Amino acid sequence: MTGVVPLRPATYTIVSRESEWRLLESGMEEQRQREGDLGEKELEEVVRALPSDVVKELLSHGICTRCIFRLFGLQGRVYASPSLSSEQDCQTQLCRLCLGILQFTYSNGSETLVKNDNLPLIIADMVKRHAYQFDTFSLEVSIPPIVLDNDNTLRSYMKTKYGSQPWFQENLQIGCISTKDALKFSLIYPLENLLECKSSMGSFRIRLTYSHTNTSKGDEKCSDSAEGCKRRKIGESNIVGERSFSSSLENDSSDCCKFLLEKANEPCHFTYFCYRTPFYFGGRYLKYSRNVSQTRWIIDDERMGEASVEEIIGGNILQACQGDSFKFHAAGREDIDVRMLGPGRPFLVEVQNARHIPSELFVKDIEKTINNMENKLVRVKNLKLVGSDGWNLMREGEAEKQKQYAALVWISRPLKDEDFQCVSSLKDLKVLQRTPIRVLHRRSPLEREKIIHWTKIETIAGSSQYFLLHLCTQAGTYIKEFVHGDLGRTHPSIGSILGCRAEILQLDVTDIKMECFLT
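It should be emphasised that the depicted structure is a prediction, and the values quoted were computed from it without experimental measurement. (Residues numbered from 1 in each chain as written. Predicted model: local features only at pLDDT ≥ 70, side-chain atom pairs only at ≥ 80, totals over all residues. Heavy atoms only, no water.)

Caption draft 1: Region of the structure containing the overall build of the chain. Along the backbone of the chain there are 18 helices and 22 strands. Burial status across the chain gives 51% buried among its 519 residues. Partitioning the intrachain contacts of the chain with sequence separation of at least 6 by distance along the chain shows that 78% fall at a separation of at least 24. Within the structure as shown, the chain displays about 24700 Å² of accessible surface, and the carbon and sulfur contribution to it stands at 48%. (Helix = DSSP H or I, 4+ residues; strand = E, 2+ residues; numbered from the N terminus. Buried < 20%, exposed > 50% of the residue type's maximum accessible area, 1.4 Å probe, protein only. Contact = heavy atoms within 4.5 Å. Areas by Shrake-Rupley, 256 points an atom, 1.4 Å probe, with all protein chains shown as cover.)

Structure representation (structure tokens):
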């Protein structure tokens, strides 16, 4: 998924920065014809209001025009101005502030490419190659700490030299634009045209990552700062944030109040890719086979069971969404030999990096595909697209949920009339269960108190030693052990209550008392 632009060897020649600024001003008329968020007069007033002596000094220090814009707090389409693109016709030195990021200059190993106009096009082509469906996009940018350190150092220098001037005091109120935001201004507008959709926060993301070999300096200064470096989370990734210039000024020390920027001789390394944040499908599943596990089960390279609920449901959803991978989550689990009946068990399928946007009709088609499979091992009910809040629906009351079961039981003696009354009189019975022998190899040896809310016996015609035991229990109760006692590790048990040997032959889950995904 990561793309790196093919590069050519870089050479740098120093050109007149004053001529660069004059070229920029001459191109503003064309930009004013295109501006939508800044009016013609407003844009002209902003450009002319910039103090020319400061602009000339910044140019002489090797600061690029986009960085000058952001130092003076300019925002919007000015960063995507076609007049800035004319800089690609001449080779320029690397900006000492942004290290080429806002010049669209980046490296891959020892080679460097300067591509002003082509960067939005390259990104758009990469997006189109991966064939995502999307109606909006969000641009994410990661900037190395050294760029923030450069910003703060230059701003400290400007405060020392120009702090008493009115324009600087006014600029403090306006605030400066970070390299990250300036890059977004530079790319978002052309990308909106190339991708034919608007930029807004949504599930489809374009991620640009800039890194630099010289990170120790920036990291040290960030860690030594009173405010430190802020990190914010985007998706599953941590991105180095940028402190505001005005807040950094409050922590200036005497040794920072001079211009300490080193000559930039190495651009940032640049990678880019696109992805989609996870989609979540919620619903309930029913399992009709006693040879299907909930998740894929492999022991010593041998598969247990003929299939799994996870693969049947998740595999079909993944294929339909054309995603990279999926994760299956359920509200509890049943053993491989236990059927899941009744209204079904709540589940979530998390699809990573889906290419297709699932519509309501699309989701219904997936449900039909699963339910029409020939083997009829698993069925899905109430499948729907849910947000990440589906986790809350699943976990809400999960610990307190009640489950109902139907168990086929054999006892070592014929049923008596008093057995029916004895069993049906069990209400909110407290049972102590030590970790069952059958799972002791993978679970901690603990003793748990569980509640059996009610039980009743249903006879089977023609048999006096076989019956169906219906019961409702607290979540987490080991039902098999409650029947046979697990060599005394569960007490009381049906065997101890009836005073005979009891064995469970088959078990079905008939209901899970949870509200989520019932409709």
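Caption draft 2: Representation of the packing of helix H13 (residues 309–321) against helix H14 (residues 360–371) within the structure. Between H13 and H14, the shortest axis-to-axis distance is 10 Å and the interhelical angle comes to 140 degrees. Between H13 and H14, the angle falls in the class oblique. Handedness of the crossing formed by H13 with H14: right-handed. Contacts between H13 and H14 pair Ile 312, Ile 313, Asn 316, Ile 317, Ala 320 and Cys 321 from the former with Phe 362, Ile 366, Thr 369 and Ile 370 from the latter. Among the residues making up the contact of H13 with H14, the classes are represented as eight nonpolar, two polar and no charged. (Axes fitted to C-alpha atoms, helices over the stretch in contact; angles between N-to-C directions. Parallel < 35°, antiparallel > 145°, perpendicular 65-115°, else oblique. Left-handed = near helix turned anticlockwise from the far one by under 90°. Nonpolar A, V, L, I, M, F, W, Y, C, P; charged D, E, K, R; others polar.)

Caption draft 3: Representation of the packing of helix H7 (residues 118–129) against helix H10 (residues 179–195) within the structure. Contact pair H7 / H10: the axes reach a minimum separation of 9 Å and the direction vectors enclose 45 degrees. Accordingly, the angle class assigned to the pair H7 and H10 is oblique. Once H7 is placed against H10, the crossing between them reads as right-handed. Along its contact with H7, which presents Leu 119, Pro 120, Leu 121, Ile 123, Ala 124, Val 127 and Lys 128, the element H10 presents Leu 187, Pro 190, Leu 191, Leu 194 and Leu 195. Tallied by class, residues from the contact of H7 with H10 come to eleven nonpolar, no polar and one charged.

Caption draft 4: How the structure looks around the packing of aromatic side chains. Under the criterion given, the structure shown has 14 aromatic pairs. When the centroid spacing of 5.9 Å and the interplanar angle of 85 degrees are considered together, the rings of Phe 69 and Tyr 79 count as edge-to-face. Pair noted here: Phe 69 is in helix H5 (residues 65–71) and Tyr 79 is in the loop between H5 and helix H6 (82–85), with a separation of ten residues, a long-range link. Overall, Tyr 79 belongs to the buried group, its relative accessible area being 0%. (Phe/Tyr/Trp six-rings, centres within 6.5 Å; stacked < 30°, edge-to-face > 60°.)

Caption draft 5: Local environment of the pairing of strand S22 (residues 502–512). One ladder, built from three bridges, connects strand S15 (residues 338–352) with S22; its direction is parallel. Residue pairing across strands places Val 338 opposite Leu 507, the latter belonging to S22. Where strand S17 (residues 402–411) meets S22, nine bridges bridge the pair, whose relative direction is antiparallel. If you follow Trp 410 over to S22, its bridge partner there is Glu 503. (Pairing = 2+ DSSP bridges.)

Caption draft 6: Quick look at the environment of Phe 326. The topology assignment puts Phe 326 in strand S14 (residues 325–330). Separated by 24 residues in sequence, Phe 326 and Glu 350 place their C-alpha atoms 5.4 Å apart. Leaving out residues up to four positions away in the same chain, Phe 326 has contacts with Glu 310, Gly 314, Gly 315, Leu 318, Val 349, Glu 350 and Val 351.

Caption draft 7: Seen up close, H13. Taking 1.5 Å per residue, 13 residues should reach 18 Å; H13 reaches 18 Å between its end C-alpha atoms and fits that length. Among the residues of H13, Val 309, Glu 310, Ile 312, Ile 313, Gly 314, Asn 316, Ile 317, Leu 318 and Cys 321 are the ones counted as buried. (Expected span 1.5 Å × (residues − 1).)

Caption draft 8: Looking closely at the nonpolar core. Counting residues in each nonpolar core, the largest one holds 59 residues, and the members touching the most others are Phe 281, Ile 313, Ile 317 and Leu 469. The next biggest cluster of nonpolar side chains, apart from the first, holds 58 residues, and it includes Ile 68, Met 126, Leu 183 and Cys 274. (Core = buried A, V, L, I, M, F, W, Y, C linked by side-chain atoms within 4.5 Å.)

Caption draft 9: Up close: the environment of Glu 306. Residue position: Glu 306 is located in the loop between strand S12 (302–303) and strand S13 (307–308). Each residue touching Glu 306, except ones within four places of it in the same chain, is listed here: Ser 289, Asn 291, Val 292 and Leu 377.

Caption draft 10: How the structure looks around the pairing of strand S5 (residues 204–211). The buried fraction of S5 amounts to six of the eight residues, a majority that puts the element mostly inside the structure. The pairing of strand S3 (residues 136–142) with S5 spans five bridges and is classified as parallel. Paired with Glu 140 across the strands is Arg 207, a residue of S5. Both S5 and strand S8 (residues 269–276) contribute to a ladder of eight bridges, which runs antiparallel. Bridging across to S8, Arg 207 finds its partner in Phe 273.

Caption draft 11: Structural view of the environment of Trp 391. Turning to its location among the elements, Trp 391 is positioned in helix H15 (residues 390–395). In this structure, the C-alpha to C-alpha distance between Trp 391 and His 329, residues 62 residues apart in sequence, is 9.3 Å. Contacts of Trp 391, omitting those with residues within four sequence positions, involve Tyr 280, His 329, Leu 348 and Glu 350.

Caption draft 12: Molecular detail of unusual backbone geometry. With an omega dihedral of -5 degrees, the bond running from His 491 to Pro 492 counts as a cis peptide bond. With respect to the helices and strands, Pro 492 occurs in the loop between strand S21 (490–491) and helix H18 (494–498). We note that Gln 322 has phi near 55 degrees; this positive angle belongs to a residue other than glycine. As for its placement among the helices and strands, Gln 322 is situated in the loop between H13 and S14. Phi angles above zero are rare outside glycine, and Asp 486 is one such case at about 55 degrees. Structurally, the position occupied by Asp 486 is in the loop between helix H17 (479–484) and S21.

Caption draft 13: Quick peek at H10. Between the first and last C-alpha of H10 there are 23 Å, a value that for 17 residues agrees with the 24 Å anticipated at 1.5 Å per step. The largest bend in H10 comes to about 30 degrees, at Ile 188, with the proline Pro 190 one to four residues further on. In terms of burial, H10 is largely enclosed, as twelve of its 17 residues are buried. Those residues of H10 that sit buried are Thr 179, Lys 180, Ala 182, Leu 183, Lys 184, Ser 186, Leu 187, Ile 188, Tyr 189, Leu 191, Glu 192 and Leu 195. Note on H10: the residue one or two positions beyond its end, Glu 196, has a positive phi of about 60 degrees. (Bend = angle between axes of the 7 residues up to and from the residue.)

Caption draft 14: Region of the structure containing the side chain of Ser 138. Tracing the chain through its elements places Ser 138 in strand S3. The class of Ser 138 is buried, set by a relative accessible area of 7%.

Caption draft 15: Spotlight on the confidence of the model for the chain. In this model, the chain carries a mean pLDDT of 80, and residues with pLDDT of at least 70 account for 76%. Taken together, the stretch residues 216–260 has pLDDT below 50 and engages in 83 contacts with residues farther than four places along the chain or on a different chain. (pLDDT = per-residue confidence, 0-100.)

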